[in-house]
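Listed below, chain by chain, are the residues.
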Amino acid sequence: MLLWDFGDTLVDERFMRQAPAEFPDWSHAWNKVMESCADDWNLGRASERDVFAEMSRRTGLSIDFVERHVEACCRSITFHPFTWRVATERRLPQALVTVNPDSFVERIARPYGLGDHFDTVVVSSSEGTDDKTTLCEVALDRLGFGGGRLDALLIDNRSDLAEGWQRSGGSAYVYRGDEAFEADLPTLLG
């Protein structure tokens, strides 16, 4: 069983930092809004509309402009080529387990067909928790996984989340980039 993280594991997570020509300081403003809104947004306590309104307030850009730019950013995601290829080969039953907001489902998961590549997609905002171990447990439950947690490998770029899964009895791999993953894959999946 494979449990895949999304941001900075399957994709380059910086896609939301792209600045439109009309507002070169987008990245800085986005980071400031995320400092105050990301936790609530990732837990489903705030909606994208709330975040867009805060971005509009901070920047003076219209909410419609913010939404259009967010949509453009979501259409320009760069997948890590080797890692994405392995994920789409579906070598084992697998889940996408991610800490992400409501926008992830409509603006990323559906348009990129993530449901076609993963047996289940577990998103923190839908589950009301950003605890990665709990999200992994939800994925295993949805898939009817009856094996031991040691047979469930979390692939995540954050060592703290990988270590948390390991403390709960699971297996984990700390993702360090496409080249390192390619080199390590034979020992991970045999």
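Going by the structure above, here's the rest.
An account of the accompanying structure is given in this report. (Residues numbered from 1 in each chain as written. Predicted model: local features only at pLDDT ≥ 70, side-chain atom pairs only at ≥ 80, totals over all residues. Heavy atoms only, no water.)

## Topic: the environment of T98
Here's step 1: Residue placement: T98 occurs in strand β2 (residues 94-98).
Here's step 2: A sequence separation of 92 residues divides T98 from F6, and the C-alpha atoms of the two residues are 5.8 Å apart.
Here's step 3: In this view, T98 contacts D5, F6, F104, V122, V123, S124, K132 and L135; residues no more than four positions away in its chain are not counted. (Helix = DSSP H or I, 4+ residues; strand = E, 2+ residues; numbered from the N terminus. Contact = heavy atoms within 4.5 Å.)

## Concerning the nonpolar core
Here's step 1: Counting 45 residues, the largest nonpolar core has W4, F6, L10, W30, L114 and F181 as its most contacted members.
Here's step 2: Elements with a minimum of two residues in this core: β1 (2-4), α1 (26-42), α2 (48-59), α3 (63-74), α4 (81-89), α5 (102-109), β4 (153-156) and α10 (178-189).
Here's step 3: If one sorts the elements of this core by residue count, α1 sits on top with eight residues.
Here's step 4: With residues near it in sequence (within four places) discarded, W30 still touches M16, R17, W41, V51, M55 and V70.
Here's step 5: M1, A95, A152 and W165 belong to the second largest nonpolar core, which has twelve residues in total. (Core = buried A, V, L, I, M, F, W, Y, C linked by side-chain atoms within 4.5 Å. Buried < 20%, exposed > 50% of the residue type's maximum accessible area, 1.4 Å probe, protein only.)

## Overview of the sheet that holds β4
Here's step 1: If you walk across this open sheet you meet the five strands as β3-β2-β1-β4-β5, and the pairing is parallel. Where the open sheet ends on each side, the last strands, each with one partner, are β3 (120-123) and β5 (171-174). Strand-to-strand twist in this sheet, taken as the mean axis angle between neighbours without regard to direction, amounts to 20 degrees.
Here's step 2: In this sheet, β2 lies alongside β1 in parallel orientation, the contact comprising three bridges. Residue W4 lies in a different strand from β2, and its bridge partner there is L96.
Here's step 3: Against the sheet, α10 contacts β1, β4 and β5, and its axis sits at roughly 165 degrees relative to β5. (Pairing = 2+ DSSP bridges. Axes fitted to C-alpha atoms, helices over the stretch in contact; angles between N-to-C directions.)

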